[in-house]
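Here is what each chain is made of, one letter per residue.
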Amino acid sequence: MTPARGDHDARRQEVSEAVWRVLSARGFEGLTLRAVAAEMGASTGLLTHYFPNKRALVAHALEELDRRSLARPRRTAPADGSPPPPAGLPRLRAALLDILPLDAPATAGNRIWVGSWDVALADPELAAAHAARYARSRDVLTEHVAEAQRLGELLDGVSAAQLAAGAQAFVLGLVVQVLFAPAEFPPARQEELLDAYLAGLQV
């Protein structure tokens, strides 16, 4: 008998939660069908209804990582309903701060993101999906940069897309440094470095 749609959706959510717990604890290297099944107290046979192989499991994990990253509270869209920072440079700064590992949840998320790079690079299709995710992030940053340029807050002799790509590259590089040497890059230092970078782009 085919399970009801609600039961199927509930089980899929249960599977996604188990995938996330394994990913958070063991990283992509430890993400296996057997590990997820053990986390659920289920058989690997059950999981094959959702993931026929390891690649399908990894692809789902990347999608779940992206979904959770987009859903977490952000300075550019406060969860408490308060207004976001003003458009232009303040909102660009907030968007870049949202990427940095400034607290424990953001640090955990960034560790998983960095761990996903090797997995994604090993598979052209997964790599393309990752590239699209970063491109979407650049598009958002480009909108903030363009508004800051319109307001006269940032240099206007360089395209907004180019400045956004540089800003994204800066914060992603800073993320890696923070993860490897957190004592050298506490939150206050991260903000100081970001502000110095943005100051170099101002008119």
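Everything quoted here is computed from the prediction, not taken from an experiment.

From N to C terminus, the protein chain includes 9 helices and 0 strands. Going residue by residue from the N terminus, the α and β elements of the protein chain occur as α-α-α-α-α-α-α-α-α. For the C-alpha atoms alone, the extent of the protein chain along its principal axes is close to 65 × 35 × 35 Å. Counting over 203 residues, the protein chain shows a buried share of 36%. In the protein chain, the proportion of contacts linking residues at least 24 apart, taken out of those at least 6 apart, comes to 61%. Carbon together with sulfur atoms contributes 57% to the accessible area of the protein chain, which is approximately 11,000 Å² in total. When the 21 basic and 24 acidic side-chain charges of the protein chain are each reduced to a single mean position, those positions are 5 Å apart.

Now for the pattern of salt bridges. Note on pairing: side chains with opposite charge can pair once their charged atoms come close. Inspection of the entire model under this criterion finds 14 salt bridges. A salt bridge links R55 to E125; the nearest nitrogen and oxygen atoms lie 3.3 Å apart. Taken as a pair, R55 in helix 4 (residues 54–71) and E125 in helix 7 (residues 124–150) lie far apart in primary sequence, 70 residues in all. A salt bridge links E192 to R189, with the shortest nitrogen-to-oxygen separation between them at 2.9 Å. Here the residue E192 and the residue R189 both occupy positions in helix 9 (residues 187–199), the gap between them amounting to 3 residues, near one helical turn. Overlapping salt bridges, with partners in common, bring together E17, E64, R67 and R68 in one network.

Here we take up helix 7. Count 3.6 residues to each turn of an α-helix, and residues three or four apart come out pointing the same way. Over its 27 residues, helix 7 runs 38 Å from end to end, which matches the ideal 39 Å to within 8%, given 1.5 Å per residue. Positive backbone phi, at 80°, marks G152, one or two positions downstream of helix 7.

Moving on, we come to the environment of L62. Relative to the helices and strands, L62 is located in helix 4. What makes L62 buried here is its relative accessible area of 1%. For the pair L62 and S116, spaced 54 residues apart in sequence, the C-alpha to C-alpha distance is 7.5 Å. Not counting chain neighbours up to four residues away, the residues in contact with L62 comprise F28, S116, L126, H130 and R133.

To continue, consider the side chain of R133. Relative to the helices and strands, R133 resides in helix 7. Under the relative-accessibility criterion, R133 is labelled buried at 12%. Those residues within four positions of R133 in sequence are excluded, and the remaining contacts are L62, E63, D66 and W113.

Quick look at helix 2 (residues 33–40) now. Of the residues making up helix 2, those classed as buried are L33, A35, V36, A37 and M40. Taken from the residues just after helix 2, G41 is the one with a positive phi, measuring 70°.

Mean pLDDT over the protein chain: 90, with 96% of residues reaching 70 or higher. When pLDDT is averaged over each helix and strand of the protein chain, the minimum, 81, is found for helix 1 (residues 5–26) and the maximum, 98, for helix 9. Confidence drops under pLDDT 50 across residues 1–5; counting only partners more than four residues distant or on other chains, this segment forms 0 contacts.

Conventions we followed
- Residues numbered from 1 in each chain as written.
- Predicted model: local features only at pLDDT ≥ 70, side-chain atom pairs only at ≥ 80, totals over all residues.
- Heavy atoms only, no water.
- Helix = DSSP H or I, 4+ residues; strand = E, 2+ residues; numbered from the N terminus.
- Buried < 20%, exposed > 50% of the residue type's maximum accessible area, 1.4 Å probe, protein only.
- Contact = heavy atoms within 4.5 Å.
- Areas by Shrake-Rupley, 256 points an atom, 1.4 Å probe, with all protein chains shown as cover.
- Lys, Arg positive; Asp, Glu negative; His and termini not counted.
- Charge placed at Lys NZ, Arg CZ, Asp CG, Glu CD.
- Salt bridge = Lys/Arg side-chain N within 4 Å of Asp/Glu carboxyl O.
- Expected span 1.5 Å × (residues − 1).
- pLDDT = per-residue confidence, 0-100.

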